[in-house]
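As a plain string of letters, each chain reads:
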Amino acid sequence: INTLESSGEVLLTILSSLAQDESRSISENTRWGLRRRYENGEYGISTKRFMGYDRGEDGKLVINRKQAKIIKRIYEEYLAGKTVNYIKRILEREKIPKWDGTYKWQSTTIQSILTNEKYKGDAELQKGHTVDFLTKTRKKNEGELQRFYIEEDHEAIIEPKMWECVQLEMQRRKQYTKDHFMNSYSYKTESNPFYGKIICGECGRAFGRKTWLNGGQQRKVWQCNGRYKKKGVQGCNNRHIEESSIEKIFIIAWNTIIDKIESCKAKWTVQANGDDLLTAYRARDFLKLTENPEHIDKVDTNFIIRILDNITIYENGKIIIKFFDGTEIEYC
């Protein structure tokens with residue numbers, strides 16, 4: 001082909017067009033073959049970056065026992081009240097390795113683990129698709145193509161009920177942040193366990209922690225985030241509260257539960273056998289926590305985020321402490 005001549009340019013254009021059409025034809029045939037395989041419950045997946053599973057001789061997913069322990073812990077930590085970022089810090093601090101043996105975790109990786117149905121033994125196919133056969137651009141399948149769902153496709157690492165509990169907890173946290181005008185459901189530091197859990201009973205917003213100086217001494221107080229919407233302009237009239245008072249109130253509330261532990265255990269036993277999966281999980285967790293019930297005299301971060309839903313502060317001085325089992329204790 002002589003590209004300096006017009007006939008050469010025409011021939012090159014024709015050949016390019018034929019090559020592009022051939023590429024399109026191959027792409028369509030490949031997609032057709034994949035869909036037929038999906039319909040038969042057959043699929044391929046690389047397990048190199050997929051924690052918890054290896055590929056067996058028959059092509060099925062086989063549990064990697066060492067990595068499966070890490071997957072189980074991530075699920076347990078999440079249902080114990082920890083956020084994705086908090087879990088990330090724990091894994092990195094304890095030098096727990098990823099699939100590639102490194103210790104640098106990403107929040108998106110943990111989020112993906114918590115939402116992947118393959119960990120409960122199922123498989124959802126054709127979650128995404130190629131929208132351009134030339135650029136190979138892919139996008140999430142939002143109904144453009146049929147999805148295929150296979151139940152009990154392989155051995156599960158996470159019990160299906162526990163997996164469903166995690167999805168329900170994600171929905172609860174999303175609604176919680178929306179209801180209380182929060183940017184996210186998270187804990188900035190392990191030293192701030194009440195973050196996002198102190199709620200204004202007047203406007204519904206979350207309280208924020210402030211550090212005030214008084215005679216050279218620092219005071220940690222909590223104040224409604226809606227009190228000053230603009231600098232110098234007061235919004236919500238709810239009062240502030242000392243952090244030491246919040247800690248004292250929490251301790252009193254939990255010790256009140258311990259004082260009536262038998263009736264509480266009876267309630268948790270009923271809840272544990274109920275139809276609400278997340279409530280049942282919480283009830284079993286409370287029963288486990290109180291196998292040897294003891295009063296507490298100090299606060300612990302992991303204990304607080306595991307059992308405390310929120311503390312609502314009202315302007316008239318009324319305070320309601322709500323635990324994850326649904327128990328509410330009023331303090332004045």
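Anything mentioned here points back to the structure above.
First, a word on scope: everything that follows refers to the structure included in this document.

**As for the pairing of strand 13 (residues 308-313)**
In terms of residue burial, strand 13 counts as a mostly covered element, since six of its six residues are buried. Of the strand pairs in this sheet, strand 13 and strand 14 (residues 319-323) are connected by five bridges, and their pairing is antiparallel. Among the inter-strand pairings, Leu308 is bridged to a residue of strand 14, identified as Phe323. Following strand 13, the chain reverses through five residues before pairing antiparallel with strand 14; Gly317 in that reversal takes a positive phi of roughly 100°.

**Quick notes on the sheet that holds strand 8 (residues 207-214)**
Here three strands make up an open sheet; going across it, the order is 8-9-12 and the pairing antiparallel. Of all the strands in the sheet, the pair left with one neighbour each is strand 8 and strand 12 (241-242). Looking at chain direction, strand 9 (residues 217-224) and strand 12 are connected through two bridges and run antiparallel. Note on strand 12: the bridge partner recorded for Val221 is Glu242.

**Some words on the pairing of strand 8**
In the sheet, strand 8 pairs with strand 9 via eight bridges, with the strands oriented antiparallel. Each residue of the ladder has a partner; that of Thr211, found in strand 9, is Lys220.

**A few points about a nonpolar patch on the surface**
Together, Val10, Leu11, Ile14, Leu15 and Leu18 make up an exposed nonpolar region whose accessible area comes to about 440 Å². Looking at the secondary structure, you find Ile14 in helix 1 (residues 6-39). Here Ile14 falls in the partly exposed class, since its relative accessible area comes to 44%.

**Section: the sheet that holds strand 7 (residues 198-200)**
Through backbone hydrogen bonds, the strands of a sheet pair up, either in parallel or in antiparallel fashion. Here four strands make up an open sheet; going across it, the order is 7-13-14-15 and the pairing mixed. Edge positions in the sheet fall to strand 7 and strand 15 (328-331), since each has one partner strand and no second. Each adjacent strand pair in this sheet contributes to an overall mean axis angle of 25°, direction not counted. By the bridge criterion, three bridges tie strand 7 to strand 13 in an arrangement that is parallel. Counterpart to Cys200 in the pairing with strand 13 is Ile313. Running over the sheet, helix 6 (residues 243-259) touches strand 7, strand 13, strand 14 and strand 15 and is turned about 55° from strand 14.

Cut-off values and rules
Position numbers for residues count from 1 along each chain, tracking the sequence in the order it is written. Since the coordinates come from a predicted model, pLDDT governs what is reported: local features require at least 70, and pairs of side-chain atoms require 80 or more to be given and counted, while whole-chain, interface and lining totals use all residues. Hydrogen atoms and water are omitted, and side-chain values are computed over all heavy atoms in the structure. Between buried and exposed lies partly exposed: a residue is buried under 20% and exposed over 50% of the maximum accessible area for its type, with that area taken using a 1.4 Å probe on protein chains only. Numbering of helices and strands runs from the N terminus; a helix is a DSSP stretch of H or I covering at least four residues, while a strand is a stretch of E covering at least two. In short, DSSP must find at least two bridges between two strands for them to pair. Each patch groups residues whose relative accessible area exceeds 30% and which form no salt bridge, using 9 Å between like charges and 5 Å between nonpolar side chains of Val, Leu, Ile, Met, Phe, Trp and Tyr. Reported accessibility uses the Shrake-Rupley method at a 1.4 Å probe radius. Residues are deemed covered only where the shown protein chains occlude them. Salt bridge, as applied in this entry: a Lys or Arg side-chain nitrogen positioned within 4 Å of an Asp or Glu carboxyl oxygen. Only the stretch in contact is used when a helix axis is fitted, and all axes are lines through C-alpha atoms; the angle between N-to-C directions ranges over 0 to 180 degrees. Whether two residues are in contact is decided by their heavy atoms, any of which lying within 4.5 Å being enough.

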